[in-house]
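# Residue-level structural notes
So the chains spell out like this:
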Amino acid sequence: MVKQLNFQDKDFYIQLDDILSTSSGKGTSVEKKVFSIIEDVKNNGDNALIKYNKDFDNCFLSSKELIVSEEEIIKAKKNVSQKIIDALKKARDRIFSYHKSQLPEDNFYYDKLGIGLGHRWTPISSVGIYVPGGTAVYPSSVLMNSIPAKVANVSRIVMTVPAPNGLIDPVILVSAEIAGIKEIYKIGGAQAVAALAYGTETINKVDKIVGPGNIFVATAKKIVFGKVGIDAFAGPSEILVVSDSIGNPEWTATDLLSQSEHDTEARSILICDSYDFANKVAEKIQYHLNHLKRSEIASQSWNNNGLIIIVDNINNVGPIIDKIAPEHLQLSVDNPKELLSKFSNAGSIFLGRNTPEALGDYIAGPNHVLPTSGTSRFTSGLSVLDFLKRSSIIQSTNESLNALSDDILTIAEYEGLSAHALSVSIRLKDKT
């Protein structure tokens, strides 16, 4: 039976902490394996990629065949229905429009001393996008990870995707074309991350790597961070649904299952104000678990990681939400905006009973690459800003430098950095 907590329990937050901090314990062994793979790719390039393709994906390809050809894209289009193509194009346009609104502006001004100050934004030169290709096919991930980079005007966008038995689902290739990605490689796992970070004979290295993946991919991104940028160290998917007792139990059940079906490690949490409602939701979940395509995964996820929290008043959920800091937060109540001021930590917020998380996953517009494992306490979902760099700009005249020189010299001398001080004083001495 799924775990239940009552907010009225004296040790509620202790119990919640214990549940949220539960770990699979795979970290150390995975890190050792991933580090070995990364070193192999660094030292042996394409040969390592070819070997791991054989070992992990039963994929027998030469260096040249790692590259997805234009002919393969054309063939893929012939095997994809117009209906899915139209849906992906609509999603692309909505995602593009939303992210375009995030573009920041350059700025430059002179302060009262005549010093010019400002900043400018420039795109990252190259970005690698990892697209999963194992237990499920995610064309939406292609769009969500690449379109913000396109909006930011990144000049080179590279995609890697596993090719089990040498094959890539045609919808993935079509979604890449719809997103405007022209450089695609048939590699997955930690080896793909290593290739993007360090380069091989066939693949030129990139400046940043984004995109979801399994624990091996996530660990590889963590290890190469510093050599390249990454979006985040992503954990299993999460959803927190807040619903009062007049909500629809079946709707709530399917909302919770929408994350449980992602992965056996995914976490779905319900906060409600009624044991009766909680029981009805649990019953509906058990019913639908018998009919889902990914029933085995969803069942393991819900039974092992699911949680129901009972509160006496829905208006008091703010501190619990902030403690959980969920990736996805659904406020399935009549006046959801009234709850917004009561919490700060959430990756993406879905307002009202008719706003399922799936709307955000596919086509609403905001990005579905979001902070997991409580990291929405200090970070945000993927955006255009992740593909831009901000440079500060400073311009001084002799007069404006002179106006601040005493303070600069005082601080520099206190820090013992005499060359800093000299670089200012020499200009004052030599002024004409």
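The rules behind the values
- Residues numbered from 1 in each chain as written.
- Predicted model: local features only at pLDDT ≥ 70, side-chain atom pairs only at ≥ 80, totals over all residues.
- Heavy atoms only, no water.
- Pairing = 2+ DSSP bridges.
- Helix = DSSP H or I, 4+ residues; strand = E, 2+ residues; numbered from the N terminus.
- Axes fitted to C-alpha atoms, helices over the stretch in contact; angles between N-to-C directions.
- Contact = heavy atoms within 4.5 Å.
- Core = buried A, V, L, I, M, F, W, Y, C linked by side-chain atoms within 4.5 Å.
- Buried < 20%, exposed > 50% of the residue type's maximum accessible area, 1.4 Å probe, protein only.
- Salt bridge = Lys/Arg side-chain N within 4 Å of Asp/Glu carboxyl O.
- Phe/Tyr/Trp six-rings, centres within 6.5 Å; stacked < 30°, edge-to-face > 60°.

### Things to note about the sheet that holds strand 12 (residues 328-332)
- Taken in spatial order, the 6 strands line up as 1-11-10-9-12-13 in an open sheet, and their pairing is parallel. At either margin of the open sheet sits one strand with a lone partner, and together these are strand 1 (3-6) and strand 13 (348-351). Averaged over all pairs of adjacent strands, the angle between their axes in this sheet comes to 15 degrees, without regard to strand direction.
- Here 4 bridges tie strand 12 to strand 13, and the two strands are oriented parallel to one another. Residue pairing in the sheet places leucine 329 in a bridge with isoleucine 349 of strand 13.
- Along the sheet, helix 10 (residues 249-260) makes contact with strand 9 (238-243), strand 10 (267-272) and strand 12, crossing strand 9 at roughly 170 degrees.
- Running over the sheet, helix 12 (residues 295-305) touches strand 1, strand 10 and strand 11 (307-310) and is turned about 55 degrees from strand 10.

### Re the pairing of strand 3 (residues 116-123)
- The sheet contact formed by strand 2 (residues 107-110) and strand 3 spans 4 bridges and is antiparallel. Considered in strand 3, the bridge of tyrosine 109 is made with leucine 117.
- The antiparallel pairing of strand 2 with strand 3 creates a hairpin that spans 5 residues between the two strands, and glycine 114 there sits at a positive phi of about 85 degrees.

### Quick word on the nonpolar core
- If you look at the biggest cluster of nonpolar residues, it comprises 70 residues, and the most contacted ones within it are Met159, Ile181 and Ile184.
- Leu5, Leu339, Phe343 and Ala346 belong to the second largest nonpolar core, which has 22 residues in total.

### Regarding the pattern of salt bridges
- In this structure the tally under the stated criterion is 12 salt bridges.
- Aspartate 231 serves as the salt-bridge partner of lysine 221, at 2.7 Å between the closest nitrogen and oxygen. Highlighted residues: lysine 221 in helix 9 (residues 215-224) and aspartate 231 in the loop between strand 8 (229-230) and strand 9, separated in sequence by 10 residues. With respect to class, lysine 221 is no different from aspartate 231; both count as buried.
- Two residues, arginine 353 and aspartate 334, come together in a salt bridge whose shortest N-O distance is 3.1 Å. Residue arginine 353 is located in the loop between strand 13 and helix 14 (357-362), and its partner aspartate 334 is located in the loop between strand 12 and strand 13; the two are separated by 19 residues in the primary sequence.
- Salt bridges sharing partners connect three or more residues here, namely Asp244, Asp334 and Arg353.

### What about the packing of aromatic side chains?
- Taken as a whole and judged by the stated rule, the model has 5 aromatic pairs.
- Between phenylalanine 7 and tyrosine 13, the aromatic rings sit 6.2 Å apart at their centres with planes inclined by 90 degrees, giving edge-to-face as the arrangement.
- Summarising the aromatic geometry, the rings of phenylalanine 12 and tyrosine 13 are spaced 5.0 Å apart at their centres and angled 75 degrees between planes, so their arrangement reads as edge-to-face.
- Residue class for phenylalanine 12 comes out buried when judged on its relative accessible area of 1%.
- The class of tyrosine 13 is partly exposed, set by a relative accessible area of 31%.

### Looking at the side chain of asparagine 345
- Topologically, asparagine 345 is positioned in the loop between strand 12 and strand 13.
- Here asparagine 345 falls in the buried class, since its relative accessible area comes to 12%.
- Not counting the four nearest positions on each side in its chain, asparagine 345 is found in contact with Ile321, Asp322, Ala325, Pro326, Ser376 and Arg377.

### Some points on unusual backbone geometry
- Positioned with a positive phi, asparagine 58 is a non-glycine residue whose angle comes to about 50 degrees.
- If you trace the backbone, asparagine 58 turns up in the loop between helix 3 (46-57) and helix 4 (70-78).
- Positive phi, close to 50 degrees, is recorded for alanine 325, a residue that is not glycine.
- Mapped onto the fold, alanine 325 is located in the loop between helix 13 (318-324) and strand 12.

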